[in-house]
Amino acid sequence: MHRPADEPAPTIRRRRHLRTTAITIALGVVMFTVGAIGLSPSDSTTPDTSASASSSAMGSARGIEALRERVKRLPKDPAGWADLGMALVQQARTTADQATYTQAETALRRSLALQSAENLHAEIGMGALAAARHQFRHALTWAQKAVATSPSTPAAYGVLADAHTQLGQYEEAEEAVQKMADLRPDSSSLARASYTFELRGDTVQAQVLMERALRAAGTPGERAFTYTHLSSLALDSGDPATALRQAQAGLAIAPRDAGLLEARAKAHAATDDREQAVADYTAAIAAAPLPQYLLGLGELQQSLGHTTEAEAQYAVLRAQEALRRTGNAPADVDAILFEADHGNPRQAVTMAEAAARERPFVAVHDAFAWALHRAGRNEEALAQADEALALGTRSALMHYHRGAIHQALGDTTAARNDLHQALAIDPSFHPLHAPAAREALRRIDDTP
């Protein structure tokens, strides 16, 4: 059972007209892109929302087989089918296997067929499944059902907050987060609070809260999760040495965790240990061939002049994109950026337009901006880039994208500001774009 944090829930004073809120919420599938929202299989009134609940107890192959045996013995038990569905959602997230998502949906719908009303486990599971598939409007609907079923269950508000956030409904998301704060502060809620600050650009407070989450962590999975994000926060603050230490500490707990391997790969690349970065990216892909790892390795190899090796990663990304189109699923951010930089920018714009309709989140606006820029539509691109940075998110890549757009529009002052900001946040933020940012600044400064 996930133990509560000893320290009180954090309070955040939101910027401008936004009210003061206490931010604590359970870990979710989407906002952190790790772990499924799990409930204790034995007691729906005592939620277990740790990332490790699914991965270690249910998400492993043995755990799933045990749950399969359980539903064979008790085929009319809705809780058993719901637990199996949630375990399969987690497995699909870690393996990037679309067939497993289908199996998860089958199990969850079987649970709902057995108990159509007030089936909390299945409702939360369906919300988590929809979120993992980037179907956030469906996730919102299921989250609202779960909240109606059990207004005192924190995990239901976790799905609700995730859906609102990815739909660009930030005030509604924080209302859900506030409710979570009232219900249960713990390690996972502190991590969510950290993300709330990070999203609004306060990386110092985000780091403070993630460190509190680490101290409150009650499972190895929770500790691995917090180390992943502490590494990311350090790197985003231009401190690759600390980022490397945090990733190493996490990998001592979870040696094959793909997120931690990616974090260490980025830290190694930032400290110019490119060979080890390639090795870590390769290991991450072996664990979970997700687009972000494939793109990260491909662009790193490209920056090293290893064209054949880069193209091998890009070929897998193209195959994944072909499968996505067959299934009519929305494109993710990495697929859009890949198409913009390594494929057909006009196709990237089409992908981004569809993604933004379904998921008007800051990262999608950023990818949309870059696709438009690469397609030569810079006035439209600037509007999307401004939307991406509207919350004050401290992102070197977003500032670089907007700086390049400003430069294309001939606004050298604004371009210089954004490019300087990108490199100030993280001088090694991207193996291809960081050098491009420095070259762009040189050209601007050399212009009479």
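Residues numbered from 1 in each chain as written. Predicted model: local features only at pLDDT ≥ 70, side-chain atom pairs only at ≥ 80, totals over all residues. Heavy atoms only, no water.

Participant: What is the right way to read the overall build of the chain from this model?
Facilitator: On a plain count of helices and strands, the chain comes out with 23 helices and two strands. Split into buried and exposed, the 448 residues of the chain put 57% on the buried side. Across the chain, every contact between residues at least 6 apart in sequence was considered, and the portion connecting residues at least 24 apart equals 59%. Total accessible area on the chain stands at roughly 18,300 Å², and carbon and sulfur atoms take up 50% of it. (Helix = DSSP H or I, 4+ residues; strand = E, 2+ residues; numbered from the N terminus. Buried < 20%, exposed > 50% of the residue type's maximum accessible area, 1.4 Å probe, protein only. Contact = heavy atoms within 4.5 Å. Areas by Shrake-Rupley, 256 points an atom, 1.4 Å probe, with all protein chains shown as cover.)

Participant: Would you mind going over the packing of aromatic side chains with me for this structure?
Facilitator: Here the distance between the centres and the angle between the planes together describe a pair of aromatic rings. Applying the stated criterion across every chain, the model contains three aromatic pairs. Ring geometry for Trp 370 and Tyr 400: centres 5.6 Å apart, planes at 45°, overall tilted. A residue pair is termed long-range when its members are at least 10 positions apart, and Trp 370 in helix α19 (residues 362–374) and Tyr 400 in helix α21 (residues 396–408) qualify at 30 residues. The two residues Trp 370 and Tyr 400 agree in class, both being buried. Between the aromatic rings of Tyr 400 and Phe 429, the centroid separation amounts to 5.8 Å while the plane-to-plane angle is 45°, which identifies the pairing as tilted. Of this pair, Tyr 400 sits in helix α21 while Phe 429 sits in the loop between α22 (412–425) and α23 (433–446), and the two are 29 residues apart along the sequence. As far as burial versus exposure is concerned, Tyr 400 and Phe 429 are alike and both buried. Through successive ring pairs, a cluster of aromatic residues spans Trp 370, Tyr 400 and Phe 429. Of note, Lys 145 hangs over the ring of Trp 142, and the distance from its end group to the ring centre comes to 4.2 Å. (Phe/Tyr/Trp six-rings, centres within 6.5 Å; stacked < 30°, edge-to-face > 60°. Lys NZ or Arg CZ within 6 Å of the ring centre and 35° of its normal.)

Participant: Would you mind showing me how to read the nonpolar core here?
Facilitator: Nonpolar side chains in soluble globular proteins tend to end up buried together. Counting 47 residues, the largest nonpolar core has Leu 199, Ile 336, Phe 361, Val 362, Tyr 400, Leu 419 and Phe 429 as its most contacted members. Mapped by element, the contributors of at least two residues to this core are α9 (187–199), α17 (333–342), α18 (345–358), α19, α20 (378–388), α21, α22 and α23. If you tally residues by element for this core, the top one is α19, at nine residues. The contacts of Tyr 400, once residues within four sequence positions are left out, are Trp 370, Leu 419, Ala 422, Phe 429, His 433, Ala 436 and Ala 437. (Core = buried A, V, L, I, M, F, W, Y, C linked by side-chain atoms within 4.5 Å.)

Participant: Just to check I follow, could you spell out empty space enclosed by the protein for this structure?
Facilitator: The method is simple in principle: a probe with the dimensions of a water molecule rolls over the atoms, and the space it marks as empty is what remains. What the rule picks out here adds up to three cavities of 30 Å³ or more. By volume, the largest cavity is sized at about 100 Å³. Residue lining of the largest cavity: 10 residues in total, with Thr 165, Ala 173, Glu 174, Thr 196 and Leu 199 positioned closest to the centre. If you list the elements that add at least two residues to the lining of the largest cavity, you get α8 (170–183) and α9. Among the elements that take part in the lining of the largest cavity, α8 stands out by supplying four residues, more than any other. (1 Å grid on protein atoms, 1.4 Å probe; cavity = no way out; pocket = protein on both sides within 12 Å on 5 of 7 lines; lining within 4 Å. Points joined across faces, edges and corners; volume = space filled by probe spheres on them.)

Participant: Can you walk me through the confidence of the model for the chain in this structure?
Facilitator: Detail in the predicted coordinates should be disregarded across regions flagged by low pLDDT. Residues with a pLDDT of 70 or more make up 86% of the chain, whose mean pLDDT is 86. Scored below 50 in pLDDT, residues 15–59 shows 170 contacts in the model against residues more than four places distant or in partner chains. (pLDDT = per-residue confidence, 0-100.)

Participant: Any chance you could explain the pattern of salt bridges here in plain terms?
Facilitator: Side-chain pairing between opposite charges can occur once the charged atoms of the two side chains come close. By the definition in use, this model includes 22 salt bridges. Across the pair Glu 262 and Lys 266 runs a salt bridge, and its minimum N-O distance is 3.6 Å. Highlighted residues: Glu 262 and Lys 266, both in helix α13 (residues 258–270), separated by four residues, approximately one helical turn. Note on Glu 262: relative accessible area 11%, which makes it buried. The class of Lys 266 is partly exposed, set by a relative accessible area of 38%. Taking the shortest distance from any N to any O, the salt bridge between Glu 311 and Arg 318 comes out at 3.4 Å. (Salt bridge = Lys/Arg side-chain N within 4 Å of Asp/Glu carboxyl O.)

Participant: Help me understand α22, please; the structure alone is not making it clear to me.
Facilitator: Every α-helix winds through 3.6 residues per turn, so residues three or four apart in the chain are directed the same way. Over its 14 residues, α22 extends 20 Å from the first C-alpha to the last, a length consistent with the 20 Å expected when each residue adds 1.5 Å. All of the buried residues along α22 are Ala 414, Ala 415, Asp 418, Leu 419, Ala 422, Leu 423 and Ile 425. Down the axis of α22, the buried side of the element spans an arc of 165°, and every buried residue falls inside it. Seen from the buried face of α22, the exposed residues on the opposite side, beyond 90 degrees, are Asn 417 and Ala 424. (Expected span 1.5 Å × (residues − 1). Arc of directions from axis to C-beta.)

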